[in-house]
Amino acid sequence: MPSTHDWINNPLGVVEGMFAASQNNPSSGWEAKAVEFFKDRLKEKDAHTSVPSLNDVPLHYLKPNSLVKFRCLIQDMFDPEFYMGVYETVDPSTKVLRCGKYKDVTECGVDFNSRNTVTAERQTFYCVPIPGENPWFALILSHSYAGSSQARVVPSTSYVPSRQKRSYEEDDDMDDMDTQPQKQREPHTGALIPTEQHGNGDCKRLETEAPSSQMTPASHLDLNFPLPGEKGPSCLVKVYEDWDSFKLNDTLEVYGILSVSPALSALADEKDASSSLLDPAECMETAEEQRVHSPPASLVPRLHMLYAKTLPHNNPLLPSAPLEDNSAFLSSTLSEMASVRAELLTYLTHVLLGDALAAEYLILHLISNVYTRRDVLPLGKFTLNLSGCPTVASYTERFYQIIQQLVPCSYYLGMSLQNMNQMRLVPKKDYVANRLVSGALQLARNTSLFLDETQLEQGQLDTTGVRNVTALGNLISWQKVDYDFNYHQMEFPCNINVLIASEGRSLLPSDCQIHLQPQVGPATMEEYLSSIHMHPQASSQLNKLRIYLSVARLLDYSISDEMTKSVEDDFVDMRKDDPQSISAEDLHRMLVVARLLSLSLGQTSLSRDSWLRAKHIEALRRSRMEQHKCVNGNEP
């Protein structure tokens with residue numbers, strides 16, 4: 001039985017061993033057994049922490065053809081491709097059948113005329129790191145397997161990728177230690193690629209040894225990250241089975257065999273050169289499509305999927321398995337929910353300048369989640385418009401930084417006129433390159449989107465600006481984004497928590513608006529905010545709040561027949577007193593508030609107390625909004 005070292009460092013050896021053993025028994029189902037082998041190994045205690053992560057380990061520290069994992073979002077799905085699943089070597093004296101699965105390049109000559117060749121099909125996903133992951137997320141993950149001997153792999157001696165760059169902190173004298181062959185290899189493998197796009201975030205300098213005339217098209221390759229300024233590796237994931245079970249924008253943890261063969265770049269160059277000689281009508285792919293679909297492996301590695309799991313959440317502090325399968329964790333967390341909620345309420349009240357009611361609604365917003373759809377209506381969403389936000393002391397930016405500390409993934413979008421008119425929010429199909437060009441609204445499930453409307457200024461929205469504002473409105477109202485396919489639009493459902501910070505009522509729709517009532521005057525605002533900026537809470541306490549928000553969002557919820565009847569009776573009584581006082585929309589909002597209030601207390605069914613509490617805080621909010629409307633009569 002292969003040791004841990006074998007199946008992580010040499011997974012192809014395991015696969016080829018099973019393939020060779022199957023030659024005497026063609027119906028052995030070796031392919032399924034190979035996948036099951038790796039699944040079983042990964043289920044062993046802490047085994048997954050021994051597998052190095054492409055997200056956290058620079059690519060040049062990972063051994064080629066080893067088992068790695070990648071936490072990612074499916075940004076695009078390319079057309080299926082054919083490959084040689086089984087091939088025969090060309091040497092007649094040692095003709096043997098070889099397995100071509102989980103490989104990009106064969107390691108020996110191939111007899112293309114052999115009748116034993118088996119052609120198979122695989123799918124390719126273009127995957128990027130999950131957009132908007134906050135810094136604390138990666139920090140916790142790196143600590144979780146920092147002690148593992150497998151998590152940090154020594155640089156491979158068999159292959160030194162040209163993407164390996166030194167950080168600027170290293171002594172320049174080290175340049176003299178470079179070997180000449182390596183320098184000769186660099187120019188034709190894209191040595192001038194900006195290193196910010198590589199996995200190593202510390203490397204910020206460009207290599208200057210190669211003359212600019214030798215810059216390859218790869219140096220201009222757009223890695224297609226949805227959010228501007230994102231870093232990390234993108235990856236071409238090769239999928240061999242059940243690819244129909246994956247959807248665009250799914251978040252996955254992929255375990256697969258890493259392929260960074262320099263031959264891939266050489267093949268792409270040859271293909272590019274030969275296509276330029278062909279009649280355009282005879283060439284199946286444009287040069288742009290070849291460049292996008294066959295980027296240098298040193299920049300966009302290939303990952304041959306052995307196993308992948310859809311992430312039920314994106315919080316590294318929670319078990320990866322569903323909550324119902326972790327009863328001990330769930331019961332201990334539920335027992336502390338009420339006390340942790342009280343601590344979070346106190347903290348957010350402080351952040352919201354002493355406004356406890358706004359803090360209540362902010363908690364409900366942070367745990368909201370689209371749990372189902374009825375026809376086109378997404379149920380469970382709770383977009384909050386926090387109006388009355390101060391414009392002094394960069395309050396909204398500091399407020400967002402607090403949100404960043406609490407949620408795994410978030411994105412701040414300042415709604416300035418320039419951003420609205422220039423940003424690409426909606427993904428668009430590029431038919432020349434045959435790829436989906438990403439936009440800022442191509443986000444993972446449960447990402448917190450912070451819209452800062454205090455950045456608005458007078459001016460004219462152009463066509464792009466109007467389209468972007470419309471897209472934000474559709475996202476909020478219907479939890480969907482209409483991707484632009486030039487000749488038509490295609491709806492993609494999403495599940496994004498949208499928080500709108502504004503001075504007056506937002507120009508965008510929302511499920512609930514609450515006007516902030518600061519207990520802090522403008523004169524002391526700067527000093528007050530400095531005291532709460534990145535509140536110096538113990539990290540263990542902060543982790544409690546992070547776990548609380550994720551667990552509350554994942555809990556199931558139900559309403560008993562008895563409570564349903566009670567709510568109906570209450571609604572009839574409220575309408576009796578004043579038919580205009582409450583509408584069906586108001587009742588729907590109260591039911592959403594009651595659901596979120598129950599979940600925030602760790603209760604999975606609606607109680608009478610929670611219903612009365614929901615009615616009470618809704619009455620307080622509506623009363624506040626009426627008072628504000630009287631003072632500001634011109635505001636809708």
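No experiment lies behind these values; they were computed from the predicted model shown. (Residues numbered from 1 in each chain as written. Predicted model: local features only at pLDDT ≥ 70, side-chain atom pairs only at ≥ 80, totals over all residues. Heavy atoms only, no water.)

Q: So, the overall build of the protein: which residues are in play, and what are the values?
A: Regarding its fold elements, the protein presents 17 helices and 18 strands. Of the roughly 29,700 Å² of accessible surface on the protein, 52% is carried by carbon and sulfur atoms. (Helix = DSSP H or I, 4+ residues; strand = E, 2+ residues; numbered from the N terminus. Areas by Shrake-Rupley, 256 points an atom, 1.4 Å probe, with all protein chains shown as cover.)

Q: Break down the confidence of the model for the protein for me, with residues and values.
A: Scored by pLDDT, the protein has a mean of 83; 82% of the residues are at 70 or more. Low pLDDT, under 50, characterises residues 147-153; the stretch is placed with 18 contacts to residues that sit more than four places away or in other chains. A low-confidence stretch, residues 275-282 stays under pLDDT 50, and its non-local contacts, those more than four residues away or across chains, total two contacts. (pLDDT = per-residue confidence, 0-100. Contact = heavy atoms within 4.5 Å.)

Q: I'd love a proper account of the nonpolar core, names of residues and values included.
A: Ranked by size, the top nonpolar core spans 69 residues in total, and within it L352, Y361, L362 and F399 carry the most contacts. Not counting residues within four places of it along the chain, the set of residues in contact with Y361 comprises F382, L384, C512, I514, V593, I617, E618 and R621. Ranked by size, the runner-up nonpolar core spans 50 residues in total, among them C72, L252, L413 and L425. (Core = buried A, V, L, I, M, F, W, Y, C linked by side-chain atoms within 4.5 Å. Buried < 20%, exposed > 50% of the residue type's maximum accessible area, 1.4 Å probe, protein only.)

Q: How would you summarise the sheet that holds strand β14 (residues 448-452) if you had to cite specific residues and measurements?
A: Spatial ordering of the open sheet is given by β11-β14-β17-β10-β18, a layout of five strands whose pairing is parallel. Every other strand in the sheet has two partners, leaving β11 (410-414) and β18 (512-515) as the edge strands with one partner each. In this sheet, neighbouring strand axes are inclined to one another by 15° on average, regardless of whether the strands run parallel or antiparallel. Judged from the five bridges that link them, β14 and strand β17 (residues 497-501) form a sheet pairing that is parallel. Directly across from S448, in β17, lies its bridge partner N497. Packed onto the sheet, helix α12 (residues 463-478) meets β11, β14 and β17 and runs at close to 135° relative to β14. (Pairing = 2+ DSSP bridges. Axes fitted to C-alpha atoms, helices over the stretch in contact; angles between N-to-C directions.)

Q: Requested: an account of the packing of helix α2 (residues 11-22) against helix α3 (residues 30-43), with residues and values cited.
A: Interaxial distance between α2 and α3 falls to 9 Å at its minimum, and their mutual angle equals 150°. Remark: the crossing between α2 and α3 carries right-handed chirality. Contacts from P11, V14, V15, M18, F19 and S22 in α2 reach W30, K33, A34, F37 and F38 in α3. In terms of residue class, the contact of α2 with α3 is built from nine nonpolar, one polar and one charged. (Left-handed = near helix turned anticlockwise from the far one by under 90°. Nonpolar A, V, L, I, M, F, W, Y, C, P; charged D, E, K, R; others polar.)

Q: Give me the lowdown on the packing of helix α8 (residues 327-351) against helix α14 (residues 539-554), citing residues and values where you can.
A: Look at α8 against α14: their axes get within 9 Å of each other, and the N-to-C directions meet at 110°. The orientation of α8 relative to α14 falls into the category roughly perpendicular. α14 is crossed by α8, and the crossing has left-handed handedness. Across the interface between the two elements, F329, L330, T333, E336, M337, V340, R341, E343, L344 and Y347 of α8 pack against Q541, K544, L545, I547, Y548, L549, V551 and A552 of α14. Here the contact of α8 with α14 is composed, by residue class, of twelve nonpolar, two polar and four charged. (Parallel < 35°, antiparallel > 145°, perpendicular 65-115°, else oblique.)

Q: Any details on the pairing of strand β15 (residues 480-484)? Residues and values, ideally.
A: In terms of burial, β15 is largely enclosed, as four of its five residues are buried. With five bridges joining them, β15 and strand β16 (residues 489-493) adopt antiparallel strand pairing. Within the sheet, the bridge partner assigned to D482 lies in β16 and is E491. Two successive antiparallel strands, β15 and β16, enclose a turn made up of four residues, where N486 displays a positive phi of approximately 65°.

Q: Outline unusual backbone geometry, supporting the account with residue identities and numerical values.
A: We note that L353 has phi near 60°; this positive angle belongs to a residue other than glycine. One can find L353 in the loop between α8 and α9 (356-366). Judged by relative accessible area, L353 falls into the buried class, the value being 0%. Phi at N486 is positive, roughly 65°, even though this residue is not glycine. Along the chain, N486 turns up in the loop between β15 and β16.

Q: Help me get a handle on the pattern of salt bridges, residues and values and all.
A: Scanning all chains against the criterion turns up 27 salt bridges. Of the charged contacts in the structure, one is a salt bridge between K103 and E16, with a shortest N-O distance of 2.8 Å. Remark: E16 occurs in helix α2 and K103 occurs in the loop between β3 (97-99) and β4 (118-129); sequence separation between them is 87 residues. For E16, a relative accessible area of 26% translates into the label partly exposed. One salt bridge connects K309 with E253, and the closest N-O pair in it is separated by 3.7 Å. A residue pair is termed long-range when its members are at least 10 positions apart, and K309 in strand β7 (residues 302-310) and E253 in strand β6 (residues 251-259) qualify at 56 residues. Through salt bridges that share partners, E585, D586, R589, E618, R621 and R622 make up one connected network. (Salt bridge = Lys/Arg side-chain N within 4 Å of Asp/Glu carboxyl O.)

Q: Which residues make up the pairing of strand β1 (residues 67-77), and what values go with them?
A: Burial runs high along β1: ten of the eleven residues are buried. As paired strands, β1 and β6 are joined by seven bridges and run antiparallel to one another. Across the sheet, R71 pairs through a bridge with E253, a residue of β6. Of the strand pairs in this sheet, β1 and β4 are connected by five bridges, and their pairing is antiparallel. Within β4, the residue paired with M77 across the bridge is F125.

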